[in-house]
Amino acid sequence: MDDEAFSIGIEEEYLLVDPETRALCARPPREFMVKCQNLLGPKVVHEFLQSQVEIGTNVCETIAEAREDLRHLRETVAQCAKDFGMRMIAASTHPWAHWSEQEPVDMERYRILGAEHRTLARRMAICGMHVHAGINDKNLRVDLMGQVTYFMPYLLALSTSSPFWEGHDTGLKAFRPIIIGDLPRSGFPEVFDSWSDWTELLDDLAATGMVMDPSKIWWDIRPSGKHPTLEIRICDICTHIEDGLTIAALYQSILAYLFHLRRSNERRRTYRRILLAENKWRAMRYGVEAEMADFGKRKLLAFADLTDELVELLRPFAEDLGCIREVEHARTIARRGTSSDEQLRIFNAALAQGTTEHDAQVAVVDWLIEESASTGE
């Protein structure tokens, strides 16, 4: 357990849009994915809908490594989309697309998903960012899962990019978790005493025939069924690449902090799921403008102040990991706002100038196209 370095792998899901109409491309040309895979190999794959594409970085020891890999992946997918008359956007929802107009990918795993979950699966016109952290010790993996859950609402608030759904301003900064939350086995995980406790659950699910595949447990954080990693799944996809890297840096640093406590025979206190879920709701509803509970102090605090406290808590661990700059960037996000905040600013500014709601949403898509393809400092 002394050699845990918490390597990082980042998965991002993007949407493909028509540059003329700005609508989702329900049926992209087959050659698009062929070219992406020729250039990127297994780092790019289909998602459930044809209008989506998913990428995954290498296993990266540092956030600096992850930045270079993620930049290359975003730039390549964006250019391939452009080559086939489309554009790529990094946002968890499209401002007006309707799920019923989207076409699923014709692959067995997606046919099974659609058959099992019907409309719940068809509604998955959403994109997210998943971050895997390498943790070799299995018992440590599930122990840290129970403790990291406390910080998940923070990471969601910093990543929000889904304020719109089917043409409406939802009033939420993150609507994507509402859609994900309709799936069975979603939300916060259970707390496990050990790795064998986790595998016993999997055995019970498999023996009864209810769940044969661990990847169909869609918790906000879960042990990967394929890799020796602990995977966070709560976050929206960040439009700004640096914001996404900050999420990964925070996650890596939180794990290092919790590991330090464990080696000192200490641990974070765990709280009732209803309390954690209330902070998650506030992150969904208000994003970085939220007041969220500090359960140790038993009071609500402005999210920007909570972020400042988190950065200081993680500082020595982020410095050791070489990602203090990215962790510090959380302060900027907490005060500048996320993709959702900027989308809403653009939308409301256009409305104030007398445009229609649809034209205001077109302006949002134009911003998303530009920012999603920007991978510079």
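Use the structure listed above.
Residues numbered from 1 in each chain as written. Predicted model: local features only at pLDDT ≥ 70, side-chain atom pairs only at ≥ 80, totals over all residues. Heavy atoms only, no water.

Enquirer: Just checking my understanding: could you explain the overall build of the protein for this structure?
Expert: Secondary structure summary: the protein contains 13 helices and 13 strands in total. Sequence separation of 24 or more characterises 77% of the internal contacts of the protein that already satisfy a separation of 6 or more. For the protein, the computed accessible surface area is about 15,900 Å², with 48% contributed by carbon and sulfur atoms. Between the averaged position of the 43 positive side-chain charges in the protein and that of its 60 negative side-chain charges there is a distance of 2 Å. (Helix = DSSP H or I, 4+ residues; strand = E, 2+ residues; numbered from the N terminus. Contact = heavy atoms within 4.5 Å. Areas by Shrake-Rupley, 256 points an atom, 1.4 Å probe, with all protein chains shown as cover. Lys, Arg positive; Asp, Glu negative; His and termini not counted. Charge placed at Lys NZ, Arg CZ, Asp CG, Glu CD.)

Enquirer: Where do I start with the packing of helix α10 (residues 303-321) against helix α11 (residues 324-336) in this structure?
Expert: Helix-helix packing is described using two parameters, namely the angle between the two axes and the distance between the axes. Remark: α10 packs on α11, axes separated minimally by 9 Å, with the N-to-C direction vectors making an angle of 175°. Between α10 and α11, the angle is such that the two are roughly antiparallel. Residues F303, A304, T307, D308, V311, E312, R315, A318 and E319 of α10 form the contact with α11, whose participating residues are I324, V327, E328, A330, R331, A334 and R335. Residue composition of the contact of α10 with α11, grouped by class: eight nonpolar, one polar and seven charged. (Axes fitted to C-alpha atoms, helices over the stretch in contact; angles between N-to-C directions. Parallel < 35°, antiparallel > 145°, perpendicular 65-115°, else oblique. Nonpolar A, V, L, I, M, F, W, Y, C, P; charged D, E, K, R; others polar.)

Enquirer: How do you make sense of the pattern of salt bridges when you look at a structure like this?
Expert: Pairs can form between side chains of opposite charge whenever their charged atoms are close. In this structure the tally under the stated criterion is 26 salt bridges. Its salt-bridge partner being R282, residue E278 comes within 3.4 Å of it at the nearest N-O pair. In this pair, E278 and R282 both sit in helix α9 (residues 273-286), four residues apart, roughly one turn of the helix. Here R282 falls in the partly exposed class, since its relative accessible area comes to 21%. One salt bridge connects E312 with R315, and the closest N-O pair in it is separated by 2.9 Å. Within this pair, E312 and its partner R315 are both found in helix α10, separated by three residues, close to a single helical turn. Overall, R315 belongs to the partly exposed group, its relative accessible area being 21%. One network of salt bridges, with partners in common, ties together D308, E312, R315, E328, R331 and R335. (Salt bridge = Lys/Arg side-chain N within 4 Å of Asp/Glu carboxyl O. Buried < 20%, exposed > 50% of the residue type's maximum accessible area, 1.4 Å probe, protein only.)

Enquirer: Sorry if this is basic, but what is going on with the nonpolar core here?
Expert: As a rule of thumb, soluble globular proteins bury nonpolar side chains together. Core analysis: the biggest nonpolar cluster contains 132 residues, and Y14, W198, Y251 and L255 have the highest contact counts within it. Here this core gets 14 residues from one element, more than from any other, and that element is helix α8 (residues 241-263). Dropping the residues within four chain positions of it, L255 is found in contact with F6, A133, I135, L144, V148 and L230. (Core = buried A, V, L, I, M, F, W, Y, C linked by side-chain atoms within 4.5 Å.)

Enquirer: Would you explain the environment of I126 in this entry?
Expert: Structurally, I126 is set in the loop between α3 (108-122) and β5 (129-134). Note on I126: relative accessible area 6%, which makes it buried. Apart from residues lying up to four places away in sequence, I126 is in contact with E13, Q52, S92, T93, W165, R176, I179 and I180.

Enquirer: Which parts of the structure should I look at to understand the packing of aromatic side chains?
Expert: Centre-to-centre distance and the angle between the planes together describe a pair of aromatic rings. The tally for this structure, following the rule as stated, stands at 15 aromatic pairs. Ring geometry for Y150 and F151: centres 5.3 Å apart, planes at 80°, overall edge-to-face. On the basis of relative accessibility, which here comes to 2%, the residue F151 falls in the buried class. Taking the centre distance of 5.7 Å and the plane angle of 40° together, the rings of Y150 and Y271 count as tilted. Taken together, the residues Y150 in the loop between α4 (138-148) and α5 (152-159) and Y271 in the loop between α8 and α9 connect sequence positions 121 residues apart. With relative accessibility at 7%, the residue Y150 sits in the buried group. Among the residues examined, Y271 registers a relative accessible area of 18% and is labelled buried. (Phe/Tyr/Trp six-rings, centres within 6.5 Å; stacked < 30°, edge-to-face > 60°.)

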